[in-house]
Amino acid sequence: MNLIARTATIVVRFRIFVPKIIILASLLLLVSCQSQNNSSAIPANVKVARVVSGQSLEVLGMEAQPNLISSLRLIGLDAPDLRQFPWGEDAKRLLETLIGGANQAVNLEFDLEAKDKFNRTLAYVWKDKLLLNEEILKQGYALFVARSPNHKYDQRLERAQQWARIMGKGIWNTDKPMRMTPGEFRRISR
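Residues numbered from 1 in each chain as written. Predicted model: local features only at pLDDT ≥ 70, side-chain atom pairs only at ≥ 80, totals over all residues. Heavy atoms only, no water.

1. Things to note about the overall build of the chain
Okay, step 1: In terms of helices and strands, the chain carries five helices and eight strands.
Okay, step 2: Starting at the N terminus, the α and β elements of the chain follow one another as α-β-β-β-β-α-β-β-β-α-β-α-α.
Okay, step 3: For the chain, with 190 residues in total, the buried portion stands at 38%.
Okay, step 4: Accessible surface, the chain: about 12000 Å² in total, of which carbon and sulfur atoms supply 58%. (Helix = DSSP H or I, 4+ residues; strand = E, 2+ residues; numbered from the N terminus. Buried < 20%, exposed > 50% of the residue type's maximum accessible area, 1.4 Å probe, protein only. Areas by Shrake-Rupley, 256 points an atom, 1.4 Å probe, with all protein chains shown as cover.)

Shown next, in the form of structure tokens:
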């Protein structure tokens, strides 16, 4: 092969690989520039001050202020409003039972988005080896709601709701079903 043919081959290869290298380098730069949410990797151990509803708690021991009460919202579920009788109170009572009362330790696992629009911390709550978010859905006392970008346990939570629905548990009980979603109830009750 002569020098001109070799040079042409090198130029063609250069044209093919350089754009790919540039794209790869750009992607790596973008990923490294994104803010890192290190809290998602580190589970937090906190104490429950009180159960507010079937989907929210007040906890002690968040971050650097161990004596400050913080509001917490369980990811992936929408429990009935407390005014949605009897399901709201039933959901709250179930969460209290699962936790074991006030001053009990639970572990929090975080996902991508740390806070909701009400400034509550968003978390998956573990008591011993039980994922409470999942158990509330499995017992039929909340609806599964995927909330972007927090999708870590979506499949697991959705399966728990499907099981409760098939078994007719809680809000899925055919004798006394919940007729309005929590979101619809809140919109009408404003």
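2. Observations regarding the environment of arginine 73
Okay, step 1: With respect to the helices and strands, arginine 73 occurs in strand β3 (residues 69-74).
Okay, step 2: Classification of arginine 73 as buried rests on a relative accessible area of 6%.
Okay, step 3: Along the chain, arginine 73 and leucine 122 lie 49 residues apart, while their C-alpha atoms are 5.0 Å from each other.
Okay, step 4: A distance of 2.8 Å separates the side chain of arginine 73 from the backbone oxygen of leucine 77, its partner in a polar contact. (Polar contact = N/O pair within 3.5 Å; in protein donor to acceptor, adjacent residues only side chain to side chain.)

3. Topic: the packing of aromatic side chains
Each pair of aromatic rings is reported with the distance of its centres and the angle of its planes.
Okay, step 1: Inspection of the entire model under this criterion finds two aromatic pairs.
Okay, step 2: For the pair tyrosine 124 and tyrosine 153, a centre-to-centre distance of 4.8 Å together with 85° between the ring planes defines the contact as edge-to-face. With a gap of 29 residues between them, tyrosine 124 in strand β6 (residues 121-127) and tyrosine 153 in the loop between β8 (143-144) and α4 (154-167) connect regions that are remote in the sequence.
Okay, step 3: Seen from their ring centres, tryptophan 126 and tyrosine 153 are 6.1 Å apart, and the 70° between their planes marks the pair as edge-to-face. Taken together, the residues span a long stretch of sequence, with tryptophan 126 in strand β6 and tyrosine 153 in the loop between β8 and α4 at a distance of 27 residues. (Phe/Tyr/Trp six-rings, centres within 6.5 Å; stacked < 30°, edge-to-face > 60°.)

4. Examining the pattern of salt bridges
Okay, step 1: A full pass over the atoms with the stated rule returns seven salt bridges.
Okay, step 2: For aspartate 78, the salt bridge goes to arginine 186, with nearest N and O atoms at 2.7 Å. One end of the pair, aspartate 78, is in strand β4 (residues 77-78); the other, arginine 186, is in helix α5 (residues 182-188), with 108 residues separating them in the sequence.
Okay, step 3: Relative accessible area serves as the criterion here: at 7%, aspartate 78 is assigned to the buried category.
Okay, step 4: Exposure remark for arginine 186: the relative accessible area of 27% places this residue in the partly exposed category.
Okay, step 5: Between arginine 156 and glutamate 134 there is a salt bridge; the shortest N-O distance is 3.0 Å. Of this pair, arginine 156 sits in helix α4 while glutamate 134 sits in helix α3 (residues 132-138), and the two are 22 residues apart along the sequence. (Salt bridge = Lys/Arg side-chain N within 4 Å of Asp/Glu carboxyl O.)

5. Overview of the confidence of the model for the chain
Okay, step 1: Summary statistics for the chain give a mean pLDDT of 85 and a share of 78% for residues scoring 70 or more.
Okay, step 2: In this model, residues 27-41 is a region of pLDDT below 50 whose contacts with residues beyond four sequence positions or in other chains number eight contacts. (pLDDT = per-residue confidence, 0-100. Contact = heavy atoms within 4.5 Å.)

6. Some points on the environment of valine 125
Okay, step 1: Along the chain, valine 125 turns up in strand β6.
Okay, step 2: Considered as a pair, valine 125 and asparagine 107 are 18 residues apart in the sequence and their alpha carbons are 5.8 Å apart.
Okay, step 3: Contact partners of valine 125, with chain neighbours within four places excluded, come to Leu57, Leu72, Leu74, Val106, Asn107, Leu108, Leu130, Leu131, Leu132 and Asn133.

7. What to know about the side chain of aspartate 81
Okay, step 1: Note on placement: aspartate 81 falls in the loop between β4 and α2 (87-99).
Okay, step 2: By relative accessible area, which is 15% here, aspartate 81 ends up buried.
Okay, step 3: Among the polar contacts made by the side chain of aspartate 81, one reaches the main-chain amide nitrogen of arginine 83 at a distance of 2.9 Å.
Okay, step 4: When sequence neighbours within four positions are dropped, the list of residues in contact with aspartate 81 reads Gly88, Pro182, Phe185 and Arg186.

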